[in-house]
Amino acid sequence: MQPPGDDRWLTNLVCPISAVRVRQDVVRLTALLVALLAIAYLMTSAWWIPVLLVVDFAARGSGARSVSLLGRSAQRISGVLQRPAVMIDPAPKQFAARVGLLLSIGMAFAMWLAPSVAIGLAAVLVIFALLEAIGNICVGCLVYSYVVVPMVHRQGAS
């Protein structure tokens, strides 16, 4: 049991600590696949793309990476490319997947109610995913590190 006022549970809820390691190239390839799907949505407005993204981000955001279609596809591509394995902590990526889930849910609702909003959310998703895929820059991880953690620590200090 944690003492009253201990907000570590919130930190773990938002970005759980993980002893597991995942391949960085698989994470980056998954981000590339997300970007390609979001670009396909921008070009076609196909209703099933945001739905697929919601399901996939929900799987990865909940820690069920093994049921992620994009994650499994990225693993297969990685196996073909035979790049050296660089292992990373998946916890910040899980938080980033939760951010992607929120963007995708917004896209899924907005495509029926406000298509221009869905286009804007898809564009943001493309930018975030390409930053990860090409530049190895995890925007969700940055948000977590510079916004969420300081907020949790500030609440714990009061």
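Engineer: I'd like a description of the packing of helix α2 (residues 24-44) against helix α3 (residues 48-61), backed by residues and values.
Structural biologist: It is the contact of α2 with α3, at a shortest axis distance of 9 Å, that shows an interaxial angle of 160°. Judged by the angle between their axes, α2 and α3 are roughly antiparallel. Crossing geometry of α2 relative to α3 is assigned as left-handed. For the pair formed by α2 and α3, the contact residues are T30, V34, L37, A40, Y41 and T44 on the first element and W48, I49, P50, L52, L53, F57 and R60 on the second. By residue class, the composition of the contact of α2 with α3 is 10 nonpolar, 2 polar and 1 charged.

Engineer: An account of helix α4 (residues 69-81) is requested, with residue identities and associated values reported.
Structural biologist: Its 13 residues place the ends of α4 18 Å apart at the C-alpha level, agreeing with the 18 Å of an ideal helix rising 1.5 Å per residue. Contacts from the buried residues of α4 go to β1 (22-23), α2 and α3. Just beyond α4, the residue with positive phi is Q82, at close to 50°.

Reading guide: rules and limits
- Residues numbered from 1 in each chain as written.
- Predicted model: local features only at pLDDT ≥ 70, side-chain atom pairs only at ≥ 80, totals over all residues.
- Heavy atoms only, no water.
- Axes fitted to C-alpha atoms, helices over the stretch in contact; angles between N-to-C directions.
- Helix = DSSP H or I, 4+ residues; strand = E, 2+ residues; numbered from the N terminus.
- Parallel < 35°, antiparallel > 145°, perpendicular 65-115°, else oblique.
- Left-handed = near helix turned anticlockwise from the far one by under 90°.
- Contact = heavy atoms within 4.5 Å.
- Nonpolar A, V, L, I, M, F, W, Y, C, P; charged D, E, K, R; others polar.
- Expected span 1.5 Å × (residues − 1).

Everything listed here is a matter of coordinates, which is why it stays silent on function.
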